[in-house]
Amino acid sequence: MGKWVLLASALLALSACGDKPEREPAASALPAGETLRLAPKEIADMKAVGAEIATRDQAEALARIPGVLTELSVRAGDLVQKGQRIGMIVDSRLGFETSAYGAQVAAAQAEAARANADLARIRDLYDNGVYAKARLDQAVAAARAADAQVAAARAQQGASASVAGQGAILAPASGRVLRADIPAGSVVAPGMSIATVTAGPPVLRLMLPESVAGQIRPGARVTVNSRDMPSAAPQGTVTQVYPSITGGQVRVDATLPGLDTQFVGRRVSASVEIGTRQALVAPRAFVNTRYGIDQVQVLVDGKRLSMVPVQIAPTADPAMVEILSGVSAGDTVFAPAKPAKAAGQ
């Protein structure tokens, strides 16, 4: 009898356990952070192009006379001031020519002295009634002609000396010497470029394909990689679009604060604004990069978080990134809150 009582009690206990519903685990609460619902947004359409550090213009220091380059006192990279003498060209023929004109001046002066002496003597005789007025007028004309010959000889001598002085090579502008590769002792001709000097403010010169020539405007934003130019600001504006196309490319100049001419001709990577387009963007804080893979946390069913790999691209705003793939419009992404710093840290 006791066995049946124990068996019945056990069966009642089992039936009671089967009637109770099984409890579901409670949904864990989300950690502290910020959520963002992705939606298409109009952003600047940035086109990646090659760029070069340049100056607005370049000035050439040219040879003005033929001769031998006896001196060149600058090298590439030196700073010069406008009008500074940077070299000297000597033409020995000009020295002989100037000496010849000097001899002509001496001869003309001797002739003028004789003519003026004759004039003084004839004037004295005229005053005493020996010579007629016509003879005096003839002597006056001869003395004036001799004086004119002296002035002409001196002018020729000065012109020859002036030409010799044009052998000095002057810096055409204030800036940095880009090229000065003609060695001293070389024979040069008039119009030959002796040195190239930067002129005007530094600019970032971009070469864009002609297909986007009609979409670029002055004032458009330009961004560069800060690692390429750490001294310059990462963002600037287009200042000039040149109205000609060469080799299927249009030339564009942009200015960046802090840009200098230390490395004129250096190539850097840049992006220029050519319009607007629709894209999914999010603050960079929502993207987590681990082991070289960009990921975002997506809120699923409003209860749990799922880590999703994405492909991103930079935008004109350094604080925002464009999400190219991995999520779509309407998804909610999550960024955990940054831990607060302890006092005194």
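See the structure shown above.
The structure presented is a predicted model; accordingly, all values stated were derived computationally and were not measured. (Residues numbered from 1 in each chain as written. Predicted model: local features only at pLDDT ≥ 70, side-chain atom pairs only at ≥ 80, totals over all residues. Heavy atoms only, no water.)

Another aspect to go through is the pattern of salt bridges. Inspection of the entire model under this criterion finds 12 salt bridges. In this structure, Glu52 and Arg267 form a salt bridge, with 3.7 Å as the shortest nitrogen-oxygen distance. Residue Glu52 is found in strand S2 (residues 41–62), and its partner Arg267 is found in strand S13 (residues 267–279); the two are separated by 215 residues along the sequence. Each of Glu111, Arg114, Asp118 and Arg121 takes part in salt bridges that share partners, so that together they form one network. (Salt bridge = Lys/Arg side-chain N within 4 Å of Asp/Glu carboxyl O. Helix = DSSP H or I, 4+ residues; strand = E, 2+ residues; numbered from the N terminus.)

A few words now on the sheet that holds strand S14 (residues 281–283). Pairing within the open sheet is antiparallel, and its three strands lie in the order S14-S19-S18. In this open sheet, the two edge strands, each paired with only one partner strand, are S14 and strand S18 (311–314). Neighbour-to-neighbour, the strand axes of this sheet turn through a mean angle of 40°, independent of strand direction. Here S14 runs beside strand S19 (residues 320–325); their pairing, made up of three bridges, is antiparallel. Along S19, the bridge assignment pairs Val281 with Glu322. (Pairing = 2+ DSSP bridges. Axes fitted to C-alpha atoms, helices over the stretch in contact; angles between N-to-C directions.)

This paragraph deals with the nonpolar core. If you look at the biggest cluster of nonpolar residues, it comprises 23 residues, and the most contacted ones within it are Leu204, Leu206, Leu208, Val222, Met229 and Val272. Each residue touching Leu206, except ones within four places of it in the same chain, is listed here: Val49, Gly50, Ala51, Val222, Val250, Arg251, Val252, Ala254, Ala270 and Val272. Counting residues in each nonpolar core, the second largest holds 19 residues, with Leu69, Val74, Val188 and Ile194 among its members. (Core = buried A, V, L, I, M, F, W, Y, C linked by side-chain atoms within 4.5 Å. Buried < 20%, exposed > 50% of the residue type's maximum accessible area, 1.4 Å probe, protein only. Contact = heavy atoms within 4.5 Å.)

Here the focus is the sheet that holds strand S8 (residues 187–188). Strand pairing in a sheet relies on backbone hydrogen bonds, with the paired strands running either antiparallel or parallel. The four strands lie next to each other as S6-S5-S3-S8, forming an open sheet whose pairing is antiparallel. Because the sheet does not close on itself, it has two edges, and the strands there are strand S6 (168–170) and S8. Both strand S3 (residues 67–72) and S8 contribute to a ladder of two bridges, which runs antiparallel. Paired with Gly67 across the bridge in S8 is Val188.

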